[in-house]
Each structure stands twice: as structure tokens, then as C-alpha cells.
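# Structural description and commentary
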Amino acid sequence: MVGRVALLHAVRGEHRTTRPTARQGDVLMRVDLAALGSSELYDESRYSDQGMHAVWREMRARGGLHRQVTTDGQEFFAAVRHADVREVLGNHTAFSSAYSTMLSVRGDGDAAAGAAIHLTDPPVHSELKRIFTPLMTVPATQRLAQGIEGRMRELFDTIRGRESFDFCAEMVTLPMTITGALMGIPSSEWPVTGRATVRAMGGTDAAESDRQRRVGLFEAHTTIMTVLGEVLEDPPAGDSVIGRCPRTAEVLNDPDRDVALLNAYAFLMGANPTVPQTINQMLILLAGDDDLWSWFTRQERTDQKFVDEALRWASPVNHVLRRTTAELTLDGTEIAAGSLVTAWLASANRDEEVFPQPFRFVPDRSPNQHTAFGFGVHRCIGQHVAVAGMKTFFDLWRESVRSVSLAGEPRHLVSNFLNGVVSLPLSVNWR
């Protein structure tokens, strides 16, 4: 089963302490793009060793789309301005998803292309989306909220009272408290699934060899596919994402691929990164900014504005990939048919033309046109569930914690796709 799904890779953006600016307050260091060369956005080592926001800022200032090259010689274009990113994501007829959505999965395209919900274009995408949308509407999410809070409280109880711990290690099942029941995955599988989904997103140690990383990715994906395959063989009682996945095979009529499994995999891997990585990045910020922590603890409830700004700030997914269906021109750049175009969500979320003081966290920022959930027909189908989960977490954290600080240096994923944290040592003073 694993061979049918292309491996995912993940990315870390910059390490953010009090402010997400390179080491000089609110002024980013200048970057010589010519000196960096044409592979600066692809080279994953840059994401583990330095922040990329200075690079993106220089690119935005130059305008247009930027020609880049992967380490194996594949050319691609980079859209880094907010308007360009929205155009790439919003125009599905010109920029197709039915090839791959990640730079690390190219060649003949993703093995799930044209079958998994995120790798299809309308009208097929619309038909697949209709299968799952009833599970994730606002009313459906409200019904899920009570269960999410109960499961999250139980998880909090496992760390309550501990003065120091690695948040990522101890809260590995955090995303499963939100999505596990909705997915239909038995709670006994949540710890192993939670660990595997983090590992499947990229390298967890910058010092590990390429071979070690590939082995780790393969083992993680094998674990995920095994769990999902077993659940599909014995579907859970009640309505769930996995319970509905067999219907996707009826839409596609593709006997050569396990369409149900591919879609179950797509939902799990799409659901798990956004919430925990946004929370991780926010805890780093809250632990290092006394003024923000003071403001945070004075709030009665976590509102939508705070969550939107957290999503903009964290930008868990750095980029998504599209392929052009015809020759076109975007922002003065001519692009041939069949070209690869990346939309850099993390860059769009710091665009000075859209966000006043983009390198400051403004908890009540409004309006907030962040792109963390994407844009257009592929805007995250589970956004309401994700927001509900984050609101619940931050409310419980405020209720439970008197103060928090970093107990060590956070460690990040080695990836150009996901801005992920894999180790977050915290010192906590509980209420």
C-alpha cells in the first residue's frame, strides 16, 4: 500500500522568539538573492539553519514570479506575493492540482494524483468534497466540540503538575483528540499514528543522513498506511471520514488504485499538521513575550481573530504546488503550459501590501486575509474543525497555566514544505 502514495516531506520556517524578525527587532536582514543562487527556496537545509522570511521579503520586493531550480535540475516558478498566491490557488483551471501539491513529489507526479481529494480538480474534486462536507460544517463542528474538549482535558491531565517537559513528545496525540474520532481511528492507535504523522512530514534531525531520513519517512508512512488499511477493512461504527472513504471509489471508478485508502491517507495527513504546528509556534511566542502572555491571560475566551492571527503567524504549510494547464502570464512573468508553480503561503502571510506590520503578532488583527487554509476550491475542508480545536486548546491552556517559558531550544523539522516543530522544551507554572 505504501508504494501507492508518494512520500511527504516537511519544512521548517524561521525560528521565532519574541518577534518573527531575523535578529534585529522589526528590521529583517538584507539578503543577496544573486549570491544565494536559484535553488534557495528548494534547498531544505536553509529551512533548518536560517529563517526564510528575509529571502521571501526580497523576492516580494522584486515583484513577478521567480524562476527556481531544484537540486536535481527541475525548474519551477515561485509566487511569493499575496495577490499572486491567491491567483495561483484561486484559478484551478489554469493551475491544476491533479499532479502534485509538493515540490518534493515530482517526476511522474504523485501516485495519488487524480484520486485523492487534494490531488483533483473540479468537477471530480467537487464530487469528492460533497461526500465529506456534511461531517465538517459549522453545525457538525459544534456537535464535535464537546467531545474534543473532554478528550483534550484528559490529555492535559497527563502533564498537569509537571514543571518541565517536551510539549511535542508529551502531547503527540493532541491532533488526534480533535480529528481521531472524526476520522474513525480507534483511540488505541492515536499515539502511534500521532508520532508517525509527525515523522512522515520530514526529517526530525538536521544531523541525520539522507539515507536515515528516507528510512524514517518510509517507516512512518508504512505505519500510517497499515493503520488506515486495517480500519478500512473493519469500518468504525457511526459516521466518520474513513467510513465515507469507500464512496470515493464509486466517484472515480479506478480499479487499479485503492482510492478509499488514498483518500483516508490524504485526510489524515492534511488534518494533523495545521493544528499542532500552529499551537507549537504560538507557545514559542507566548513563552517569550511577557506582554502578549499578559494580554492572553486576561481574555475570557479565545476568539476568531486570535486564531486567525495565530494561523497567519505560524503558517504551518510553507508552499503548495500547482502545474499550469496552458501558456499564461502572471504578474508580468510568462509561464509555459505544463510548468510547475509554487504558491508560498508563508510569504503571502507576511506581505507588507496586505498586512500592516506583518512581522508583529497582532492578536486582534482585522481584517486578516491569511492563506494558512489555502484559497479557492481547495481551501481546507476541515477548517471549522481545526479552528474549534485550537480555540479549545488555548482556552484550556489559559485556564490551566499561570506562566510558561522555554526550557531549551526548540527543534524544527528539516523541510521546505512544513514549518514544523518536533521538540519544544517548556517550563510551566500550573494554576
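Residues numbered from 1 in each chain as written. Predicted model: local features only at pLDDT ≥ 70, side-chain atom pairs only at ≥ 80, totals over all residues. Heavy atoms only, no water.

So, about the overall build of the chain. The number of helices and strands found in the chain is 18 helices and twelve strands. Expressed as a percentage of its 431 residues, the buried residues of the chain come to 57%. Across the chain, the fraction of contacts at a sequence separation of at least 24, relative to all contacts at a separation of at least 6, is 73%. Surface exposure of the chain reaches about 17,200 Å², of which carbon and sulfur atoms provide 47%. (Helix = DSSP H or I, 4+ residues; strand = E, 2+ residues; numbered from the N terminus. Buried < 20%, exposed > 50% of the residue type's maximum accessible area, 1.4 Å probe, protein only. Contact = heavy atoms within 4.5 Å. Areas by Shrake-Rupley, 256 points an atom, 1.4 Å probe, with all protein chains shown as cover.)

Our next topic: the pairing of strand S8 (residues 340-344). Within S8, five of the five residues are buried, which leaves the element mostly enclosed by the surrounding structure. Along S8, one buried face is formed by Leu340, Thr342 and Trp344 and the opposite face, lined by Val341 and Ala343, is buried too. As paired elements, strand S2 (residues 75-79) and S8 share three bridges and run parallel to each other. By the bridge assignment, Ala78 is partnered in S8 with Thr342. Taken together, the five bridges between strand S5 (residues 319-324) and S8 define a ladder with antiparallel strand orientation. Looking across to S8, one finds that Leu321 is bridged to Thr342. (Pairing = 2+ DSSP bridges.)

Below, the discussion takes up the sheet that holds strand S12 (residues 425-430). Note on sheets: strands pair through backbone hydrogen bonds, and any given pair is parallel or antiparallel. Spatially, S4-S12-S9 is the arrangement adopted by the three strands of the open sheet, whose pairing is antiparallel. Sheet topology places strand S4 (164-166) and strand S9 (401-406) at the edges, where each strand pairs with a single neighbour. Strand-to-strand twist in this sheet, taken as the mean axis angle between neighbours without regard to direction, amounts to 30 degrees. Set on the sheet, helix H18 (residues 383-400) makes contact with S9 and S12; between it and S9 the angle comes to about 105 degrees. (Axes fitted to C-alpha atoms, helices over the stretch in contact; angles between N-to-C directions.)

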